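In case you want the letters, here they are:
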Amino acid sequence: TTSYGHQSFCEDAARENPDVEFVAMTGDTALKSGLPNFHNAFNMTFESRYVSGIVAGMKLKELMDAGTVTDPYVGYVGAYPYAEVVSGYTGFFLGIKSIVPDAHMDVQYTNSWFDIQAEGKAAEALMAKGCVIIGQHADSTGAPKAVQTAKDNGANVYSVGYNIDMLAAAPTAALTSSTNDWSVYYTEAFQTMLDGGKLPTDWSKGYEAGAVAITPLGPEVAEGTKEAVDAA
């Protein structure tokens, strides 16, 4: 298995080693390649993005109901204008709008999957424009740490992360993170091979299979958030 950034290497290796099965996690060129031993797999992360958006929306509504915030403005730090990112922030935004219909959102790209400084600066720029909650499809703690710093300095701002629990980086600003459970695919793939079966060219599963989730809720989520998440 390999990351999206290495799928061209994965495809070349599959072509050169026809007796070995290669899987590019988050890749998207297996079908186009026509290679029977090259596969793509990625979870339906947009589903957990939607649920994390509900967490964000609940907090946004709480702040607005209290009069602390008057503009339901949300920011999102995105890696690239790529389908995986766009579907994710769309799910996140729709989750927010299910709670706060008037919410609006800006996306700022870093053009990198992992850049702590760029992600932090993007979050700072979005907060400077008035964004109250910062979501992300970027792989570092840069954005949550920037949000925590702003919150420590008196701003009413919160963070929704990705991949990992961000509470260590943003102990009071982090609301939750959208995350993946890769063991679901690994278990299916290994068992398929042990049984002499054929891996699918493209694989994708979500909440129904337990392949996506959100991390534990932070200490400052709005009242009723767990119930809203469970209902979703």
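**Focus on the pairing of strand β3 (residues 73-78)**
- In terms of burial, β3 is largely enclosed, as six of its six residues are buried.
- The side-chain alternation of β3 yields two buried faces, one formed by Y73, G75 and V77 and the other by V74, Y76 and G78.
- One ladder, built from six bridges, connects β3 with strand β4 (residues 104-109); its direction is parallel. Bridging across to β4, Y73 finds its partner in H104.
- After leaving β3, the chain enters helix α4 (residues 83-97) and then returns to the sheet as β4, a path that is right-handed.
- Both β3 and strand β5 (residues 133-137) contribute to a ladder of five bridges, which runs parallel. Pairing of Y76 across the sheet is with G135, part of β5.

**Some details on the sheet that holds strand β9 (residues 212-214)**
- Read across the sheet, six strands follow the order β4-β3-β5-β6-β7-β9 without closing on themselves; strand pairing throughout is mixed. The two strands at the open ends of the sheet, each matched to only one other strand, are β4 and β9. Strand-to-strand twist across the sheet, computed as the mean angle between neighbouring axes with direction ignored, equals 15°.
- Of the strands in this sheet, β3, β5, β6 (158-162), β7 (174-180) and β9 touch helix α3 (residues 45-65), which is tilted by about 170° from β7.

Cut-offs applied
Residues numbered from 1 in each chain as written. Predicted model: local features only at pLDDT ≥ 70, side-chain atom pairs only at ≥ 80, totals over all residues. Heavy atoms only, no water. Buried < 20%, exposed > 50% of the residue type's maximum accessible area, 1.4 Å probe, protein only. Helix = DSSP H or I, 4+ residues; strand = E, 2+ residues; numbered from the N terminus. Pairing = 2+ DSSP bridges. Right-handed = clockwise from strand over helix to strand, strands pointing away. Axes fitted to C-alpha atoms, helices over the stretch in contact; angles between N-to-C directions. Contact = heavy atoms within 4.5 Å.

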